[in-house]
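What the coordinates show
Residues per chain, in single letters:
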Amino acid sequence: ESDESLEAFIHGYKTEIDKKYNGVVTRFTEKLLHPAREEETTLGNLIADALAEVSETQIMLIGSGSIRSEELGPVVTLGSLKECFPFEDSLVKYQIKGKLLKKMFTHIMRTDNRNGEGECFQINKRVQAVYSDKEKQLVSFTVDGKDVLDEGSYTVTLQNYHVVNSEANLGLTNAELIAGGNPKVVSTSTRPVLEEWLRVNPNASSKIEGRIVYKSE
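Here we look at a nonpolar patch on the surface
Taken together, the side chains of Leu-6, Phe-9 and Ile-10 present a nonpolar region at the surface, about 330 Å² in accessible area. With respect to the helices and strands, Leu-6 occurs in helix α1 (residues 4-21).

The following block contains the structure:
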């Protein structure tokens, strides 16, 4: 026979867990989407913008694969946020010369990286990168509306996963990443930082803005 006292204990525990994870973190103005890892998405834009603001960085790169849900909102619960962005990875900020930054974006935007298996990224609104598939190179690359200069210095924030695997994921060695000085750990855990930003920024919205553009001709 079933143990009624044990069942009551389990039910009470489940009730507390459900109460926690069904709690509302924030509300968006509309449902945000992340249908494909190779392209700019409304959900990816929001997450990149949120973490760029927290990091006080010019350029934020968030791995598209870090975003595990194809849609989120308009009501965002703690449970749905954890399902969407489950990783506790750290955020690390670097000072990188424009020449290396161009090398990085050329690597991540190359054609053979967009095969469903490549390491693609979502970027924040201060950045626009246009890549020509025909020429196999960047044809336009700006930060805050100004061309990225080879000898210019820019702050770039990355997830530690991509730092550890920098040559494969970013096209830069670790030596190239730290050439501009020692990096700064912005946060040891990304998801709680994102959660806090969402809590203090209700009714957020996002749209496709042409941050990442691929030209076939």
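Next comes the rest of the description.
Thoughts on the pairing of strand β3 (residues 59-63)
Within β3, five of the five residues are buried, which leaves the element mostly enclosed by the surrounding structure. Residues Ile-59, Leu-61 and Gly-63 of β3 are buried on one face, and the alternating residues Met-60 and Ile-62, pointing to the opposite face, are buried as well. In this structure, β3 lies alongside strand β11 (residues 153-159), joined through two bridges in parallel fashion. Bridge pairing in β11 links Ile-59 to Val-156. Inspection of the sheet shows β3 paired to strand β7 (residues 121-123) by three bridges, in the antiparallel sense. Of the residues in β7, the one forming a bridge with Leu-61 is Ile-123.

Re the packing of helix α2 (residues 42-55) against helix α8 (residues 190-200)
Across the interface, α2 lies against α8 with an axial gap of 10 Å and an inter-helix angle of 95 degrees. Between α2 and α8, the interaxial angle falls into the category roughly perpendicular. When α2 is examined against α8, the residues Leu-46, Ile-47, Ala-50, Leu-51, Glu-53 and Val-54 are found in contact with a partner set consisting of Thr-190, Val-193, Leu-194, Trp-197 and Leu-198. Looking at the contact of α2 with α8, its residues break down into nine nonpolar, one polar and one charged.

Describing the sheet that holds strand β6 (residues 91-97)
In space, the five strands of this open sheet follow the order β7-β3-β11-β6-β12, with mixed pairing throughout. Only two strands of the sheet have a single neighbouring strand rather than two, namely β7 and β12 (184-187). Looking at each pair of strands side by side, their axes are set apart by 30 degrees on average, direction ignored.

So, how was this worked out
- Residues numbered from 1 in each chain as written.
- Predicted model: local features only at pLDDT ≥ 70, side-chain atom pairs only at ≥ 80, totals over all residues.
- Heavy atoms only, no water.
- Patch = residues over 30% accessible without salt bridge, like charges linked within 9 Å, V, L, I, M, F, W, Y side chains within 5 Å.
- Areas by Shrake-Rupley, 256 points an atom, 1.4 Å probe, with all protein chains shown as cover.
- Salt bridge = Lys/Arg side-chain N within 4 Å of Asp/Glu carboxyl O.
- Helix = DSSP H or I, 4+ residues; strand = E, 2+ residues; numbered from the N terminus.
- Buried < 20%, exposed > 50% of the residue type's maximum accessible area, 1.4 Å probe, protein only.
- Pairing = 2+ DSSP bridges.
- Axes fitted to C-alpha atoms, helices over the stretch in contact; angles between N-to-C directions.
- Parallel < 35°, antiparallel > 145°, perpendicular 65-115°, else oblique.
- Contact = heavy atoms within 4.5 Å.
- Nonpolar A, V, L, I, M, F, W, Y, C, P; charged D, E, K, R; others polar.

Without other data, these values stay purely geometric and don't point to any function.
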